[in-house]
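So you can see what is in the structure, the chains are spelled out below.
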Amino acid sequence: MRPLVLKIRGLRSYREEVEIDFREKNLAAIIGDTGAGKSSILEAICLALYGSSTWSGRVVKDLISASEQSLSVVFTFTAEGATWTATRTARRGSGPGQHLLTCEENTAERYDSASAVNARVEQLLGLDYDGFLRTVVLPQGRFQQLLQATPSERNSVLKGIFRVDELEAVRVYAENARNRLEGALNQQIVNRGRLLDNPTLTAAETAETIATASAEVESYRAAAEIYRAADAERTAGLARVEILRTQVTQIIANRRPADAESFAALAKRAAEIDTSLAAVGTRLQAADALADQLDGRMRQAEAEGLGPDGLSRAAGVLEWAAGELPQLRDERDRLTAEADSLETGESVLESQRNAAARLAETAQQAAAAVTAAEVLARDESALLGEGQAALRDVRRQHEDRATLATEHEQFAARLSTLEAEVLAAEDAFATADAALKAAETALDAARRMDHAAAASQGVGPGDPCPVCTRELPAGFAPVHSHEEATAQAAHAAASTAERQARSTAEQGRARRIAAADEGQRLISRIAACDQLLERSMSRLEAVLPAPDFSLPDTVLLESLAARAELAAARVDELRSEAASRANEATVAATALLSEENRLATARAGLDAAQQRLKIRRRKYEDTLTALPGPLRPANTVVAADIEMATQTCSELLATSREAQEQRDAANAEARALNREAAQLRAERTAAVDAPVQELRLKQATLVQSLVTAAALLEEPYQQPLMGGEFVLESAAGEAIANDQHAEQMLAAAERASLRAQAESQGAEGRMAAALAAAKCASLPELDQARIGAAATLRNAEDLHAEAVRQQPIVAVLDQRIEAARELSESLEAIRTHFSDSKFIGFVMKNRQKILLAVGSEVLASMTSGRYGFAEDFRIVDSWSGQPRDVMTLSGGETFLASLALALGLVELAGRSGGKLDALFLDEGFGSLDANTLPDALRALETQASGGRFVAVISHLRAVAESFDHVLHVRRTPTGSKADWLSGQEREAMLGSDAESGLLS
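Description of the structure in this document. Bear in mind the structure is a predicted one, so any value in this text is a computation, not a measurement.

Side note on the overall build of the chain
Part 1: Scanning the chain from N- to C-terminus turns up 20 helices and 15 strands.
Part 2: Sorting the 1000 residues of the chain into buried and exposed places 39% on the buried side.
Part 3: Pairs at least 24 residues apart make up 73% of the contacts formed inside the chain by residues separated by at least 6 positions.
Part 4: In the form shown here, the chain has an accessible surface area of approximately 54600 Å², with 53% of it arising from carbon and sulfur atoms.

What about the side chain of K25?
Part 1: Looking at the element boundaries, K25 is found in the loop between β2 (18–21) and β3 (27–31).
Part 2: No salt bridge is formed by the buried K25; its nearest oppositely charged neighbour, D21, is found at 5.3 Å.
Part 3: A polar atom in the side chain of K25 sits 3.5 Å from the backbone oxygen of D21.
Part 4: For K25, the contacting residues outside a window of four places in its chain are R2, F949, H965 and W980.

Comments concerning helix α1 (residues 39–50)
Part 1: Given a rise of 1.5 Å per residue, 12 residues ought to cover 16 Å, and the 16 Å separating the end C-alpha atoms of α1 matches this to within 8%.
Part 2: Buried within α1 we find S40, I41, L42, E43, A44, I45, C46, L47, A48, L49 and Y50.
Part 3: Of the residues trailing α1, G51 is marked for its positive phi of about 65 degrees.

Remarks on the sheet that holds strand β7 (residues 110–111)
Part 1: Judged by pairing direction, the sheet is antiparallel, and its six strands sit side by side in the order β2-β1-β4-β5-β6-β7 without closing on themselves. Only two strands of the sheet have a single partner each, and these edge strands are β2 and β7.
Part 2: Relative to β7, strand β6 (residues 99–103) is paired through two bridges, and the arrangement is antiparallel. Following the sheet pairing, T102 is matched in β7 by R110.
Part 3: This element, α1, spans β1 (2–9), β2, β4 (70–79) and β5 (82–91) of the sheet and lies at about 75 degrees to β4.
Part 4: Set on the sheet, helix α2 (residues 114–125) makes contact with β4, β5, β6 and β7; between it and β6 the angle comes to about 45 degrees.

A look at helix α15 (residues 731–774)
For an α-helix, the turn length of 3.6 residues means that residues three or four places apart are oriented alike.
Part 1: The end-to-end C-alpha distance of α15 is 64 Å, a good match for the 64 Å that 44 residues give at a rise of 1.5 Å each.
Part 2: Positive phi shows up at K775, right after α15, with a value of about 60 degrees.

Quick word on the sheet that holds strand β9 (residues 867–869)
Part 1: Ordered by their spatial adjacency, three strands build an open sheet running β9-β10-β11, and the pairing between neighbours is antiparallel. Pairing within the sheet leaves two strands with one partner each, and these edge strands are β9 and β11 (882–884). On average, each strand axis in the sheet is inclined to that of its neighbour by 40 degrees, with strand direction left out of account.
Part 2: Two elements, β9 and strand β10 (residues 875–877), share three bridges in a ladder whose sense is antiparallel. Along β10, the bridge assignment pairs F869 with I875.
Part 3: Relative to β9, helix α17 (residues 839–862) is tilted by about 170 degrees, and along the sheet it contacts β9 and β10.

A word on the environment of V172
Part 1: With respect to the helices, strands and loops of the structure, V172 is situated in helix α6 (residues 164–193).
Part 2: Distance in space between the C-alpha atoms of V172 and I830 is 9.7 Å, their sequence separation being 658 residues.

Considerations on the pattern of salt bridges
Part 1: All told, the structure shown has 39 salt bridges when counted by the stated rule.
Part 2: Here R256 makes a salt bridge to D259, at a shortest N to O gap of 3.0 Å.
Part 3: Classification of R256 as partly exposed rests on a relative accessible area of 25%.
Part 4: Residue D259 is classed as buried on the basis of its relative accessible area of 3%.
Part 5: Among the ionic contacts, a cluster of salt bridges with common partners joins E386, D393, R396 and R539.

Regarding the pairing of β4
Part 1: In terms of burial, β4 is a largely internal element, eight of the 10 residues being buried.
Part 2: Relative to β4, β1 runs antiparallel, the two being bridged by seven bridges. Looking at the pairing, P3 lines up with F77 of β4.
Part 3: Of the pairings in the sheet, the one linking β4 to β5 comprises 10 bridges and is antiparallel in character. Within β5, the residue paired with V73 across the bridge is R88.
Part 4: Counted between consecutive antiparallel strands, the loop separating β4 from β5 contains two residues, among which E80 sits at a positive phi close to 55 degrees.

So, how was this worked out
Residues numbered from 1 in each chain as written. Predicted model: local features only at pLDDT ≥ 70, side-chain atom pairs only at ≥ 80, totals over all residues. Heavy atoms only, no water. Helix = DSSP H or I, 4+ residues; strand = E, 2+ residues; numbered from the N terminus. Buried < 20%, exposed > 50% of the residue type's maximum accessible area, 1.4 Å probe, protein only. Contact = heavy atoms within 4.5 Å. Areas by Shrake-Rupley, 256 points an atom, 1.4 Å probe, with all protein chains shown as cover. Lys, Arg positive; Asp, Glu negative; His and termini not counted. Salt bridge = Lys/Arg side-chain N within 4 Å of Asp/Glu carboxyl O. Polar contact = N/O pair within 3.5 Å; in protein donor to acceptor, adjacent residues only side chain to side chain. Expected span 1.5 Å × (residues − 1). Pairing = 2+ DSSP bridges. Axes fitted to C-alpha atoms, helices over the stretch in contact; angles between N-to-C directions.

Structure follows, in structure tokens:
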């Protein structure tokens, strides 16, 4: 993947659309202040390709600018020889975003769903989301993830980069094809197993069986038909005999000769009970009418409020009003007297206010006099303090000036000695630096002369060539070099000597600079001391003209001290007088405030009491007005009218209670009569209705047996007398008639039974003759013989037809199964040899060795030959000769190791036709010192010179010195902007930063 154009809008700080053109650029620096929006460029690329953020794999909506409602990213890039454009959008609300991937060269290549776009991008780049963030885009905080990943995580990423996933795809394809083929093959084998072993032979044998079985089936069928016809006739005769016997039994069981006498007795008892019920009903009707009349009058009175409950409530209201009226009059008189007393108190309070105001004015005048005296006293005291301070400063600064002069003489002697030491250290550093450059030249020459030896380490016959990836021949042997090891040892020794000399020279220069700074500070202190002394003398002479420093300080300041003491005494005198006046004013103001509060409290209490009295009077009037008309007093404030209304209420309450007692008596009588009627109805049900119902059911059972018998015997029978509406008085005659019909049916049934027995005996003779003709002892044996012959016939016919049908099918299946078995064995061989434990594992192991060899070469070039990679991705330190865990590296060393590994991956992927044509590095350069940074940048230049795109993101503008293409990202009021700087603009930016100290 190589980037071409990136368009961003609404993502983080990019509120307005920004377009970044990466075309015709190989090595670029993305420079900007912290927070300008540099890392957001990587967020946009990751979002466009994988629909995810770099830190979580999701949370896309969190990338939307705070002031925007949506974001969009359009990223155009090249992959697999074609130009692709990925478009992603997201909204802050619940609306769906857009996911689109199109190919310019092939319009049919269009994907418009998140899953489809993600799958195609992974296929184009050969990397999933995690692999992309470990090898192509290395964001802040994740640069070292590939270096520090677990073996399984690292192996998963490297498979895609080494294109081993294509071998895995072959294995998976072979495995899937074999699985599909095995399923089809197994099904074909199962299908073949369901068919005949030899269909042709089976067809000939079954033809003979069909002819013999057909004759046997016809013979048995004729005998069975004769037997079954006779058996059916015999069975019907015997069944008729049994049915007739059953009917006779039922008729005898259901006869009821005594029911006629029972029906007559029940009819007499029913008449007696019905007469009593009629008399009770007449009395109940009269009692209900009286109760309804009284209840209606009481409901009307209750609706008018004159019922027992309403009258009781009214009596309580009138009793409450009789007691409330005198209390309201007493409260009114009390409040009137209290209002008159408050008017008198207000007049006295006004006199107190005037007296308190006069005392407050006198206190203010006394306080003003104190303030004026205090100002004068502070001025005199400040004058004395100024003289004391100035005199003290002058004497101290004379002493400081003498001390500084002595220190300056001592410093001049030390500076001369230090200059000689620095010159000697700089000469030693120049000699060591020249030796180091000579060693670097020798090491580079040895590496160029023996590059094939470095590349061939760790591979053998049959391995892929690290340069062209073709298989190495059988006679191949790795080339070994001793010149590079010697040159590396010399280079390491020279590097150590150079670092020590440089450190000594830098320390000397630092001490010289520090000494120069110290001398400058000493001169500045002397000048500052002279200025302070001059200012202090001016201050002192302004207070004490022409002071004589031979005199003690107390004598020089004596006059100023006397003036300050006199002003302080006057302040004390005025303060005492002002305090007396203020106390008098405070006492008067306190008394005034107390009286004002007392009157205010009394006034508030009076207002509240008057309001409560008003509410009580309104409640009194409303309560009496709400009474029913006949009970409402003519005048609510006249006690005699209230008493008259109370008397009326008592009379109406007595009348209402009398009517209620009459209604309750009528209801009680009605309930008693209802209970008496219920008892009579229950007695009729138990004594008459239940026995009658039981007799009717038994008579109905008898009639049903007579009807059944008449139909069976085909005898004439009259319609049963028990049908139609039941009349108890006629039930006795109907019971006598039913018993007579029962007698007639019993005689007819006996005659029919004798005829049926004779017919059954004739049928049994014909059944025996049919069995003898078929040579069978029973009908089941005859049926079994016929079924067996028929089954033999059917089976022979089915087998014959199936054998004819299977002959061409079996021929085709046998041919297909043989071919499928051969193909399945071939696919299984591919699947087995392309597993991780075999060929793929072998390829991964060798590729990983080559990666670590290339990474070690890059890392050594950036660390002066000190560091390289071990086979387990640990770091080999040439100083100790022992491998170290990556977690023991410093921040800068970790960055260099991660960078070397990433560059090694890019280099190796390019050699094997991989897809890593771009590399984005976000920060990390701030952890490198001034000597290591150029080595790291040279390694990046090497990658860019091979045609790949390399972008370095950093807030260190010094990084821009090594790049021809610089993308400057800056924050503006309308959002982040990104522009490619021209050569003049880049130089101007670096020059400006150098002047301000940013590059120092």
